[in-house]
Amino acid sequence: MPVRAELDEKEEFPWEIMKELADADMFRVFIPEEYEGLGGRCLDLCLVVEELSRACGGIAICYAATALGCLPVVHHGSEEQKQKYLSDVAAGKRLAAFALTESTAGSDAGNIRTTASPEKGYYVLNGTKQFITNGGEAEIYTVIAMTDPAKGSRGASAFVVEKGTPGFSFGKKEKKMGIRSSATRELIFRDCRVPEENLIGKEGQGFIITVRTLDQSRPGVAAQAVGIAQGALEAAVNYARQRIQFGHPISSLQAVQHMLANMAIELEAARAMVYAVARTIDSGARNFAEEAAMAKVFAADMAMKVTTDAVQIFGGVGYMCDYPIEKMMRDAKITQIYEGTNQVLRNEIALQVLKRKALRE
Ligand SMILES: Cc1cc2nc3c(=O)[nH]c(=O)nc-3n(C[C@H](O)[C@H](O)[C@H](O)COP(=O)(O)OP(=O)(O)OC[C@H]3O[C@@H](n4cnc5c(N)ncnc54)[C@H](O)[C@@H]3O)c2cc1C
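Residues numbered from 1 in each chain as written. Predicted model: local features only at pLDDT ≥ 70, side-chain atom pairs only at ≥ 80, totals over all residues. Heavy atoms only, no water.

K.L.:
Can you walk me through the nonpolar core in this structure?
P.N.:
A general tendency of soluble globular proteins is for nonpolar side chains to be buried together. F30, Y63, L125 and V161 are the most contacted members of the largest nonpolar core, which totals 110 residues. No other element matches the 16 residues that helix α6 (residues 206–242) contributes to this core. Residue contacts for Y63: discarding those within four places in its chain leaves M18, L21, M26, F27, V29, F30, L45, V48, V49 and L52. (Core = buried A, V, L, I, M, F, W, Y, C linked by side-chain atoms within 4.5 Å. Buried < 20%, exposed > 50% of the residue type's maximum accessible area, 1.4 Å probe, protein only. Helix = DSSP H or I, 4+ residues; strand = E, 2+ residues; numbered from the N terminus. Contact = heavy atoms within 4.5 Å.)

Now the structure itself:
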């Protein structure tokens, strides 16, 4: 908390805090025990992300993006890849990132143009990824590229690419509205030769791996939203108790009380959804995509509303940068956009809802 405003202002990556998280074994949380982790349970990861986000959504995402970058290796990687990468991440020695998005392919992820051409024991990568969280800071990148563009979405594959591989460099670092202590950057591949043993799963499985990875990681974004909203609610309650107008704390005004009550109700509902889907994932269930999407959409919309109302309770000072509350509102916004915008996820939820209705008829 004491450094969040400064890191946000300077857009500085929170390396010291990442080190503290490593020392506290937090990077072990999302890694299975066989690879020096603490079990790799989704609920544990959500709890850590929520608590970090309660203080700072930007710092939290530097941590959570490493979990996202590792998920393809955890669930689809070879034994050799797991041995090589996961223990280092568990120890907090190396951060990870997940690279799908390109300038022509955001929601329309099937339109990626980065190619990976097989060549004598290697894949040669060419293309540019955009908006990659932890870009430049992470050492391990899961990259989705087309091995057979003619096959469309069945022609994509997933690779581990290490920082420092010749032909892999970093481009524009984005200046952002919120989560400003996190790094969001372009990844540039120019004849970048990646050993064939870095292919995750099989050729052509890139989009299946992507979809499964994002289904698993969306509860984490939802937990980020819950944490940001929790921080905003706590700040609003504290402020309402001490701000005197008309001779009384504004917390004695029913208009303010009802805002706080609605914030608390929606926050608790979102938290329940996040924990429920995380527990479902941890139970080994295979079908949780819809619940994960629902939790993400609901929690993100809730966080936007709760942080906006918190600014309202702070009044004029809520609009000023001296207080943490405007930062929380800026940080909350991203949860409606990344890992599937809330509109795109509503499309997917609607599809499932309509399918079920059709089945009953
Ligand atoms: C800060 C930040 C960090 C990110 N980190 C990563 C990362 O680590 N790795 C990574 O791969 N990507 C990352 N992204 C990319 C992110 O996932 C995309 O920005 C997001 O998926 C939306 O894509 P887009 O920005 O191209 O928007 P577009 O797809 O162009 O969407 C623009 C608007 O159109 C709407 N829209 C588009 N298609 C539909 C549709 N079919 N139905 C209804 N509405 C639609 C969208 O909801 C949105 O409102 C990050 C983005 C940001 C901003």
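K.L.:
Looking at this structure, I do not really get the environment of F159. What am I missing?
P.N.:
On the secondary structure map, F159 appears in strand β5 (residues 156–162). By relative accessible area, F159 is classed as buried at 0%. Residues F159 and N342 lie 183 residues apart in sequence; the distance between their C-alpha atoms is 27 Å. Apart from residues lying up to four places away in sequence, F159 is in contact with A116, Y123, Y141, T142, V143, A145, T147, N198, L199 and I200.

K.L.:
Explain the pairing of strand β4 (residues 140–146) to me, please; I cannot follow it from the model alone.
P.N.:
Both faces of the sheet carry side chains from a regular strand, because those side chains alternate between them. With seven of seven residues buried, β4 lies mostly within the body of the structure. The pairing of strand β1 (residues 96–99) with β4 spans four bridges and is classified as parallel. From the neighbouring strand, A97 faces β4, where its bridge partner is Y141. Looking at chain direction, β4 and β5 are connected through seven bridges and run antiparallel. Bridge pairing in β5 links I144 to A158. (Pairing = 2+ DSSP bridges.)

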